[in-house]
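Residue-level listing of the chains:
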Amino acid sequence: MVREPNRLIHETSPYLLQHARNPVDWYPWGEEAFRRARERDVPVFLSIGYSACHWCHVMERESFENDEIASVLNERFVAIKVDREERPDVDSIYMQAVQMMTGHGGWPMSVFLTPAGVPFYGGTYFPPEDRHGLPSFRQVLEQLGEAWRTRRDEVTEAAGEIHRAILSAGELAAAPAALPAGELDAAAARIAAGYDSRWGGFGTAPKFPPSMSLDFLMQVARRTGDPRLREIVVTTLERMACGGIYDQIGGGFHRYSTDARWLVPHFEKMLYDNALLARLYVRAWQWTREPLFARIARETLAFVEREMTSPEGGFFSTLDADSEGVEGKFYVWSRDEILRILGPEKGRIFAAYYDVTERGNWEGTNILNVPRESGAVADDLGIPLERLQEIVREGRGTLYREREQRVRPGRDEKILAGWNGWMLAAFSEAALAFDSDDLREIVRRNARFLLTELRPGGALKRSWKDGVVKIDALLEDYGGVAWGLLAAFEATGVRAWLDAARELAGEIVERFHDRERGGFWDTPADGESLITRPRDPFDNATPSGSSLATASLFRLAAWFADSDLENAAVRSLESLGPIARRYPSAFGFLLAEAAEWHAGKPKEIAITGPPNDLAARTLLQVVGETFLPARLLGWGEAGTDLPLLEGKPPDVVAAWVCESYRCLEPTRDPDELRSLLEA
């Protein structure tokens, strides 16, 4: 039965459009919904999720598509549906409320609000019938609707208490403090204490890729020479790359592992995970020269280029976990399939390498993973290692082509500014590290896209889909795009990207900076009025807007010798210092990209001479393949008006390395440059 659409039919978010023909009378987030709740004198039911969320789909099928449940919901509430990826500010506020009320959070998120937007009850998934200790969704609706009608005072009192708690939780520490190198070493030790020495990563199941914490540990290990930190980083990266969390056929990482050994993933693929992990594997290759890390970085970026990039140059948001209504169906294999597709002999060898059995390793099917070294597998099979590697390589290509005939998971094709900034940085760092003009072209296309399509009239927007932009950009977007443009400038030498990043930094300071206490708000001063002005400083699945802004401002301050940007960055870092010291695992990006920069000695490198000159390109390649986490690199169209380039002859091929307010003698010798960089 095809139903008449509700108001969500006019939205661009794929997640909202998925609900556009529910019998629920959904409203998008906005004043119209709250005005209607006031007119009807009913509470608001707020449902928050995202398109790749498996349990969001389940709750839709069970409850939002149910005519009887929808009737109760429509009668007693005004229902609002929000895409958390479009509105992380709204999601942050109400997730905090749900965590306060229940001790946990997640999606789908179900929150009940007064018509003023203040939460009084919340949870996540509710089943259609009482199950596993959870009340049925219909029961929740009926009881809360009755409480609003007959015990209004109790409801508003509870809402007031929650509102006061939300307001107080947004306050920063009263005693700001910086994070010197010694404090950073201690923070690294606290993170390392949770290391799983058997399987890599931290803690037990479920395991999320700890990309930002690993980046921080890698920097501390490089600075201190700590062998344990090196072991943690290298082992974790190897385990993830060989596990089922990595798509062994098509490249790219799934969201997280449901077990401790990285075997069984939650199968959705998020742009932000692949951005952070691709960049991490590039940097790990620079540090270790481990070929596996370079391969994983290249394959992950190839997956993004192939499956997550729009014709206009923007990067799409997510791939769903489900296809044909079954989680993971697109990605798993039976042994019989592999023998049929590859042939009995090659299929047997391929299956041995990728742990494929008749019984399977997940629900009767096989998630491809690499539990053993290839040399050991070749010895067991009695074949040369080169033969095994050839069969594996050819088999991957054959299975990829076969898999392309399956029903693909859904793709959320909205393009988010901040997430694109992170992926732009990943492509940029890879373009430099691997000296790839193909990757540089992707960088150029995405940077142009962000500064034209997502910045109409000069005002940065958060979301783009099918040529329609909406939602004013948040701090996450300003910081993320500035971060990506800084990396794009270093990868391409295009000065316009650096200047655009500086303009965004000026808006960050003007519109988001908390001048009274330091740090940054997540929403602009002239933005939509919510029940509180959100400030979420934690680096969770993604870097926080505060961390991105602080790191970008430090670098732009150095590029332009801008003391205002420097002061704003220092005050932000100091305001977050006390809480980052206590909970370092929740501040991986801040510690890696802002605290390490501030406490250390960033290298400032200029490559002069014609950009296409072979000698200049060779010097640039040396810089690109060297692990320099705290670095400024100017070349190409950078111009001599920047402090780093001032006074340096643009026509003379040379590399100039400066550090701690002193510059060394320029060199044309690649080996000498490498020594200067690694000193």
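For the structure, see preceding data.
Keep in mind that what you see is a predicted model, and the values were worked out from it rather than measured.

> Can you walk me through the overall build of the chain in this structure?
Looking only at helices and strands, the chain features 25 helices and 19 strands. For the chain, whose C-alpha radius of gyration is 26 Å, the value lies close to the compact-globule estimate of 26 Å for 679 residues. Projecting the C-alpha coordinates of the chain onto the three principal axes gives extents of approximately 80 × 70 × 45 Å. Put simply, the chain has 679 residues, and 60% of those count as buried. As displayed, the chain has an accessible area near 26,300 Å², and 48% of this comes from carbon and sulfur atoms. Charge separation in the chain, taken as the distance between the mean sites of 79 positive and 104 negative side-chain charges, equals 1 Å.

> Just checking my understanding: could you explain the pattern of salt bridges for this structure?
Per the counting criterion, the structure on display carries 67 salt bridges. In this structure, the salt-bridge partner of Asp435 is Arg617, at a minimum N-O distance of 2.9 Å. Taken as a pair, Asp435 in the loop between α17 (417-433) and α18 (437-452) and Arg617 in helix α24 (residues 614-624) lie far apart in primary sequence, 182 residues in all. One salt-bridge network, in which partners are shared between bridges, spans Asp215, Arg279, Arg283, Glu429, Arg555 and Glu593.

> How should helix α9 (residues 211-224) be read in this particular structure?
Since the α-helix advances by 3.6 residues per turn, residues separated by three or four positions end up pointing in the same direction. A rise of 1.5 Å per residue sets the reference length of α9, with its 14 residues, at 20 Å; its end C-alpha atoms lie 20 Å apart and thus fit the reference within 8%. Within α9, eleven of the 14 residues are buried, leaving the element largely enclosed by the surrounding structure. Taken residue by residue, α9 has Ser211, Met212, Ser213, Leu214, Asp215, Phe216, Leu217, Met218, Gln219, Val220 and Ala221 as its buried positions. The elements touched by buried residues of α9 are α8 (181-192), α10 (227-242), α11 (271-288) and α23 (588-599). Residue Gly225 follows α9 closely and has a positive phi angle near 75°.

> How do you make sense of the environment of Ala37 when you look at a structure like this?
Inspection of the secondary structure assignment puts Ala37 in helix α2 (residues 31-40). Its relative accessible area of 0% is what places Ala37 among the buried residues. As a C-alpha pair, Ala37 and Pro115 span 78 residues in sequence and 5.4 Å in three-dimensional space. If we skip the residues at most four places from it in the chain, Ala37 touches Val42, Val44, Val78 and Pro115.

> What exactly am I supposed to notice about the state of the cysteines here?
Structurally, a disulfide amounts to a covalent bond that connects the sulfur atoms of two cysteines. A complete count under the given rule lists two disulfides for this structure. Covalent S-S linkage joins Cys53 and Cys56, the inter-sulfur distance amounting to 2.4 Å. Linking Cys53 and Cys56, the disulfide has an S-S dihedral of approximately 80° and is accordingly described as right-handed. Of the residues examined, Cys53 reaches a relative accessible area of 4% and is grouped as buried. In this model, Cys658 is linked to Cys663 through a disulfide, with the two sulfur atoms separated by 2.0 Å. Sign of the S-S torsion, about 95° for the bond between Cys658 and Cys663, identifies this disulfide as right-handed. Assessed through its relative accessible area of 4%, Cys658 is described here as buried. A relative accessible area of 52% places Cys663 in the exposed class.

> For this particular structure, what's the right way to read the side chain of Glu593?
In this fold, Glu593 is placed in helix α23. Side chain to side chain, Glu593 and Arg279 meet in a polar contact 3.1 Å long. Those residues in contact with Glu593 that lie beyond four places of it in its chain are Asp215, Gln219, Arg279, Arg283, Trp483, Ala551, Arg555 and Pro629.

> What exactly am I supposed to notice about the packing of α9 against α10 here?
How two helices sit against one another is set out by the angle between their axes and by the gap between those axes. It is the contact of α9 with α10, at a shortest axis distance of 8 Å, that shows an interaxial angle of 140°. Every pair of crossing elements has a handedness; the one defined by α9 and α10 is left-handed. Contacts between α9 and α10 involve Leu214, Leu217, Met218, Val220 and Ala221 from the first element and Leu229, Arg230, Ile232, Val233, Thr236, Leu237 and Met240 from the second. Grouping the constituent residues of the contact of α9 with α10 by class yields ten nonpolar, one polar and one charged.

> What should I look at first to understand the pairing of strand β4 (residues 109-113) in this one?
Here is the key point about a regular strand: its side chains alternate between the two faces of the sheet. Taken across its five residues, β4 has five buried, putting it largely inside the fold. Residue alternation in β4 divides its side chains into two sets, Met109, Val111 and Leu113 and Ser110 and Phe112, and both sets are buried. As defined by bridge partners, strand β2 (residues 44-49) adjoins β4 across five bridges and the pair is classed as antiparallel. If you follow Ile48 over to β4, its bridge partner there is Met109.

> What am I meant to see in the packing of aromatic side chains here?
For any pair of aromatic rings, the description consists of the separation of the ring centres together with the inter-plane angle of the planes. In the structure shown here, the tally under the stated rule is 33 aromatic pairs. Aromatic side chains Phe64 and Phe137 sit 5.9 Å apart centroid to centroid with 80° between the ring planes, which places their arrangement in the edge-to-face category. Taken together, the residues Phe64 in helix α3 (residues 54-64) and Phe137 in helix α6 (residues 137-150) connect sequence positions 73 residues apart. There is no split in this pair, since Phe64 and Phe137 are both buried.

> Teacher, can you tell me more about the sheet that holds strand β5 (residues 119-123) here?
Picture the strands of a sheet paired through backbone hydrogen bonds; they go either parallel or antiparallel. Spatial ordering of the open sheet is given by β1-β3-β2-β4-β5, a layout of five strands whose pairing is mixed. Only two strands of the sheet have a single partner each, and these edge strands are β1 (26-28) and β5. Each strand axis lies, on average, 30° off the axis of its neighbour in the sheet, ignoring direction. For β2 and strand β3 (residues 78-83), the ladder comprises six bridges, and the chain directions are parallel. Along β3, the bridge assignment pairs Gly49 with Asp83. The sheet contacts of α2 involve β1, β2, β3 and β4, and relative to β3 the element is tilted by about 165°.

> I tried to follow the side chain of Glu490 on my own but got confused; where do I start?
One can find Glu490 in helix α19 (residues 475-492). The exposure class of Glu490 is buried, given its relative accessible area of 7%. In contact with Glu490, other than residues within four places in its own chain, are Leu432, Trp559, Arg631, Leu632, Leu633 and Trp635.

> Teacher, can you tell me more about the environment of Leu46 here?
Turning to its location among the elements, Leu46 is positioned in strand β2. Overall, the relative accessible area of 0% leaves Leu46 in the buried class. Placed 613 residues apart in sequence, Leu46 and Glu659 show a C-alpha to C-alpha distance of 52 Å. Apart from the residues within four sequence positions on either side, Leu46 is in contact with Trp29, Ile80, Val82, Tyr94, Met109, Ser110, Val111 and Leu113.

> How should I be thinking about the sheet that holds strand β8 (residues 269-270) in this particular structure?
Taking strand neighbours across the sheet as the criterion, the three strands line up as β8-β9-β12 in an open arrangement whose pairing is antiparallel. Looking at strand neighbours, the two that pair on one side only are β8 and β12 (411-412), the edges of this open sheet.

> Which parts of the structure should I look at to understand helix α15 (residues 374-381)?
Of the positions making up α15, those classed as buried are Ser374, Val377 and Ala378. All buried residues of α15 project into a common sector of 100° when viewed along the axis, lining one side. Every exposed residue of α15 that faces more than 90 degrees away from the buried side is listed here: Asp379 and Asp380. Buried residues along α15 sit in contact with α14 (344-353) and α16 (385-403). The first or second residue beyond α15 is Gly382, which carries a positive phi of 70°.

Rules used throughout
- Residues numbered from 1 in each chain as written.
- Predicted model: local features only at pLDDT ≥ 70, side-chain atom pairs only at ≥ 80, totals over all residues.
- Heavy atoms only, no water.
- Helix = DSSP H or I, 4+ residues; strand = E, 2+ residues; numbered from the N terminus.
- Rg over C-alpha atoms; globule rule 2.2 N^0.38 Å.
- Buried < 20%, exposed > 50% of the residue type's maximum accessible area, 1.4 Å probe, protein only.
- Areas by Shrake-Rupley, 256 points an atom, 1.4 Å probe, with all protein chains shown as cover.
- Lys, Arg positive; Asp, Glu negative; His and termini not counted.
- Charge placed at Lys NZ, Arg CZ, Asp CG, Glu CD.
- Salt bridge = Lys/Arg side-chain N within 4 Å of Asp/Glu carboxyl O.
- Expected span 1.5 Å × (residues − 1).
- Contact = heavy atoms within 4.5 Å.
- Disulfide = S-S within 2.5 Å.
- Polar contact = N/O pair within 3.5 Å; in protein donor to acceptor, adjacent residues only side chain to side chain.
- Axes fitted to C-alpha atoms, helices over the stretch in contact; angles between N-to-C directions.
- Left-handed = near helix turned anticlockwise from the far one by under 90°.
- Nonpolar A, V, L, I, M, F, W, Y, C, P; charged D, E, K, R; others polar.
- Pairing = 2+ DSSP bridges.
- Phe/Tyr/Trp six-rings, centres within 6.5 Å; stacked < 30°, edge-to-face > 60°.
- Arc of directions from axis to C-beta.

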